[in-house]
Amino acid sequence: MKQAGYRVDVETGLMLGARQLVSPHCDDRPADTGIELLVIHGISLPPGQYGERWIEAFFLGQLPVNAHPYFAGIAAQRVSSHLLIRRDGEVVQFVPFHRRAWHAGVSQFQGRAACNDFSIGIELEGCDDQAYEAVQYSVLGSVTRALMASYPGISRSCVVGHSDIAPGRKTDPGPAFDWQRYHDLLV
């Protein structure tokens, strides 16, 4: 799996090197709103299971309700992320960076509400209590460096977990995510 060489085309909002899928679950950012936050998430569908294409189907609004009992409770939700990093390191982009993906929900960062307005969301295929893969860290580091180079409003202090902006409501990327390992890749 490709682990380096990711670049952002700021004009199109696309991550070069990522597989592109178009989610309908996005809209325009508010006028004159810069990108100033990077939110790291964790997701697996069904919970704790990996390798299928259910996350992609969910972000595309195509999750089949009858494929798994868990899906009945979430299939109608309109959720997306800018990027997904799968367990094997593959990067999938659903929403161009200049558009607002619907990943953060009710959220707040440094007293500022509605984090979707000014953030980029990256989902890691994983869950709170299982270790993420080494290749996911490597790719996440490369992708993050490309985003920081393209959007200078994102500094190291503006890279957070979903749990940081929605405490009590969200726990991801969870205690199994090694923040120090990730931060060491950003230097």
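These figures come from a predicted structure and were not determined experimentally. (Residues numbered from 1 in each chain as written. Predicted model: local features only at pLDDT ≥ 70, side-chain atom pairs only at ≥ 80, totals over all residues. Heavy atoms only, no water.)

Visitor: It is not clear to me how the sheet that holds strand β3 (residues 19-20) should be interpreted in this structure. Could you clarify?
Guide: Whether parallel or antiparallel, the strands of a sheet pair through hydrogen bonds between backbone atoms. Across the sheet, which stays open at both edges, the six strands sit in the order β3-β7-β6-β11-β5-β12 with mixed pairing between neighbours. Only two strands of the sheet have a single neighbouring strand rather than two, namely β3 and β12 (159-161). Note: strand β5 (residues 37-43) against β12, three bridges, orientation parallel. By the bridge assignment, Val39 is partnered in β12 with Val160. (Pairing = 2+ DSSP bridges. Helix = DSSP H or I, 4+ residues; strand = E, 2+ residues; numbered from the N terminus.)

Visitor: Sorry, what's going on with the side chain of Gln93 here?
Guide: Structurally, Gln93 can be placed in strand β7 (residues 91-93). Note on Gln93: relative accessible area 0%, which makes it buried. For Gln93, the side chain forms a polar contact with the main-chain nitrogen of Met15, separated by 2.7 Å. There is a polar contact of 3.1 Å between the side chain of Gln93 and the side chain of Gln20. When neighbours within four sequence positions are excluded, Gln93 is seen to be in contact with Gly13, Leu14, Met15, Ala18, Arg19, Gln20, Leu21, His82 and Leu83. (Buried < 20%, exposed > 50% of the residue type's maximum accessible area, 1.4 Å probe, protein only. Polar contact = N/O pair within 3.5 Å; in protein donor to acceptor, adjacent residues only side chain to side chain. Contact = heavy atoms within 4.5 Å.)

Visitor: Before we go on, may I ask you to explain the pairing of strand β11 (residues 119-125) in this structure?
Guide: Each regular strand carries side chains that alternate between the two faces of the sheet. In terms of residue burial, β11 counts as a mostly covered element, since seven of its seven residues are buried. Judged by which residues are buried, β11 turns out to be covered on both faces: Ser119, Gly121, Glu123 and Glu125 on one side and Ile120, Ile122 and Leu124 on the other are all buried. The sheet contact formed by β5 and β11 spans seven bridges and is parallel. Bridge pairing links Val39 to Gly121 in β11.

Visitor: In this structure, what is going on with the pattern of salt bridges? I would like to understand it.
Guide: Here the idea is simple: oppositely charged side chains can pair when their charged atoms come close. Under the definition given, this model contains 11 salt bridges. For Glu90, the salt bridge is made with Arg86, and the minimal N-O distance between the two is 3.8 Å. Residue classification places Glu90 among the buried positions, given a relative accessible area of 14%. The closest approach of N and O atoms between Arg87 and Glu133, which form a salt bridge, is 3.1 Å. (Salt bridge = Lys/Arg side-chain N within 4 Å of Asp/Glu carboxyl O.)

Visitor: Honestly, helix α2 (residues 134-150) in this entry has me stumped. Any pointers?
Guide: Residues spaced three or four apart along an α-helix face the same direction, because each turn holds 3.6 residues. The end-to-end C-alpha separation of α2 is 25 Å, in line with the 24 Å expected for 17 residues at 1.5 Å each. Taken across its 17 residues, α2 has 12 buried, putting it largely inside the fold. (Expected span 1.5 Å × (residues − 1).)

Visitor: When you look at the state of the cysteines in this model, what are you seeing that I'm missing?
Guide: Working definition of a disulfide: a covalent bond connecting the sulfur atoms of two cysteines. Going through the model one piece at a time under the given rule, you end up with zero disulfides. There is no disulfide at Cys115, and the cysteine sulfur nearest it, in Cys158, is 11 Å away. (Disulfide = S-S within 2.5 Å.)

Visitor: It is not clear to me how the packing of aromatic side chains should be interpreted in this structure. Could you clarify?
Guide: The way to describe two aromatic rings as a pair is by their centre distance and the angle between their planes. In the structure shown here, the tally under the stated rule is nine aromatic pairs. Ring plane angle 80 degrees and centroid distance 4.7 Å describe the contact between Phe177 and Trp179, whose orientation is recorded as edge-to-face. The exposure class assigned to Trp179 is partly exposed, which follows from its relative accessible area of 25%. Here the aromatic cluster, defined as three or more aromatic residues joined through ring pairs, consists of Tyr132, Tyr137, Phe177, Trp179 and Tyr182. For Arg87, the ring lying beneath its charged end belongs to Tyr50, and the centroid distance is 4.2 Å. (Phe/Tyr/Trp six-rings, centres within 6.5 Å; stacked < 30°, edge-to-face > 60°. Lys NZ or Arg CZ within 6 Å of the ring centre and 35° of its normal.)

Visitor: Would you explain the nonpolar core in this entry?
Guide: Soluble globular proteins: nonpolar side chains tend toward being buried together. One finds Met15, Ile122 and Leu147 to be the most contacted residues of the largest nonpolar core, which totals 29 residues. Of all elements in the fold, only β5, β6 (83-85), β11 and α2 reach the threshold of two or more residues within this core. Among all residues touching Leu147, those that are not within four sequence positions of it are Val8, Met15, Leu38, Phe97, Ile120 and Ile122. (Core = buried A, V, L, I, M, F, W, Y, C linked by side-chain atoms within 4.5 Å.)

Visitor: I tried to follow unusual backbone geometry on my own but got confused; where do I start?
Guide: With glycine set apart, most residues show a phi of negative sign, and most peptide bonds adopt trans. That bond from Leu45 to Pro46 is cis: its omega, -15 degrees, falls within 30 degrees of zero. As for its placement among the helices and strands, Pro46 is situated in the loop between β5 and α1 (54-59). For the bond from Asp172 to Pro173, the omega torsion is 10 degrees, close enough to zero to count as cis. Inspection of the secondary structure assignment puts Pro173 in the loop between α3 (162-165) and α4 (179-184). Unlike most non-glycine residues, Gln110 shows phi in positive territory, near 50 degrees. Relative to the assigned elements, Gln110 resides in the loop between β9 (108-109) and β10 (112-113).

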